[in-house]
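Survey of secondary and tertiary structure
Given next are the chains, with one letter for each unit.
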Amino acid sequence: MTWMTLLLLVLATFRLTRLIVFDKITSFIRRPFHEIVEETLEDGSVTTYIKMKGTGLRRWIGELLSCYWCTGMWCAIGLYVLYSIYPDISFPFLFVLAIAGIAGIIESFVE
C-alpha cells in the first residue's frame, strides 16, 4: 500500500464516519436507535442529548452510531475491505469521500 492510498482511505474514513454519526442527511439511519431529548435548564438555555432506544442489539447499534470512534473503526474496516477486494470499483467512491473530507477540514479552519 502506498502512502497516497493510505491517505485516501484515511480521508474517506473520516468523511464517511462524520456522515453516519453527525450529518442530518443520514439521521434516518440513527432515528430507529436514538431519541433526541431537549431539556430546558434553570437559566433558560436548552441542552440537547441523545438517549438510546430499546435494549439488546437495538441499544448496541444505538451506542455504536453515537460513538465517533466506534463507527470510525467499522467504517475503516469496511472501506479497507472494499478497496482490497474491488479496488477499481471502490476508487471513485473513496476519492469522492476523500475530497469531501478535505473540504470539511478546510471548512473547520475557515469557520
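Quick look at the structure, then.

About the thresholds
Residues numbered from 1 in each chain as written. Predicted model: local features only at pLDDT ≥ 70, side-chain atom pairs only at ≥ 80, totals over all residues. Heavy atoms only, no water. Helix = DSSP H or I, 4+ residues; strand = E, 2+ residues; numbered from the N terminus. Buried < 20%, exposed > 50% of the residue type's maximum accessible area, 1.4 Å probe, protein only. Areas by Shrake-Rupley, 256 points an atom, 1.4 Å probe, with all protein chains shown as cover. Lys, Arg positive; Asp, Glu negative; His and termini not counted. Charge placed at Lys NZ, Arg CZ, Asp CG, Glu CD. Polar contact = N/O pair within 3.5 Å; in protein donor to acceptor, adjacent residues only side chain to side chain. Contact = heavy atoms within 4.5 Å. Pairing = 2+ DSSP bridges. Core = buried A, V, L, I, M, F, W, Y, C linked by side-chain atoms within 4.5 Å. Axes fitted to C-alpha atoms, helices over the stretch in contact; angles between N-to-C directions. Parallel < 35°, antiparallel > 145°, perpendicular 65-115°, else oblique. Nonpolar A, V, L, I, M, F, W, Y, C, P; charged D, E, K, R; others polar.

What follows is about the overall build of the protein. In terms of regular secondary structure, the protein is built from five helices and two strands. Starting at the N terminus and walking to the C terminus, you meet the elements of the protein as α-α-β-β-α-α-α. Overall size of the protein, expressed as C-alpha extent along the three principal axes, is 55 × 40 × 20 Å. Within the span of the protein, comprising 111 residues, buried residues form 27% of the whole. In the form shown here, the protein has an accessible surface area of approximately 8,000 Å², with 68% of it arising from carbon and sulfur atoms. Here the protein holds 9 positive side-chain charges and 10 negative ones, and the gap between their average locations is 8 Å.

Moving on to the side chain of Ser-90. Along the polypeptide, Ser-90 turns up in helix H5 (residues 87-110). Polar contacts involving the side chain of Ser-90 include one to the main-chain carbonyl oxygen of Tyr-86, which spans 2.8 Å. Among all residues touching Ser-90, those that are not within four sequence positions of it are Leu-82 and Tyr-83.

Let us look at the pairing of strand S2 (residues 46-52). When strand S1 (residues 34-40) meets S2, the two strands line up antiparallel, connected through seven bridges. For Thr-40, the partnering residue across the bridge sits in S2 and is Val-46.

Within the largest apolar cluster, 13 residues are counted, with the highest numbers of intra-cluster contacts made by Ala-12, Leu-16, Ile-20, Leu-79 and Leu-94. Those elements that place two or more of their residues in this core are helix H1 (3-21), helix H4 (68-85) and H5. At six residues, the largest contribution of residues to this core is made by H1. Non-local contacts of Leu-94, meaning those with residues more than four positions away in its chain, are made with Leu-8, Leu-9, Ala-12, Leu-79 and Tyr-83.

With respect to the element layout, Asp-23 can be found in the loop between H1 and helix H2 (27-30). When residues no more than four places from it in sequence are discounted, the contact partners of Asp-23 are Arg-15, Arg-18 and Arg-30.

Below, the discussion takes up the packing of helix H3 (residues 56-66) against H4. It is the contact of H3 with H4, at a shortest axis distance of 5 Å, that shows an interaxial angle of 90 degrees. Compared by their axis directions, H3 and H4 come out roughly perpendicular. Residue-level contacts link Leu-64, Leu-65 and Ser-66 of H3 to Tyr-68, Cys-70, Thr-71 and Trp-74 of H4. Its residues placed into classes, the contact of H3 with H4 shows five nonpolar, two polar and no charged.

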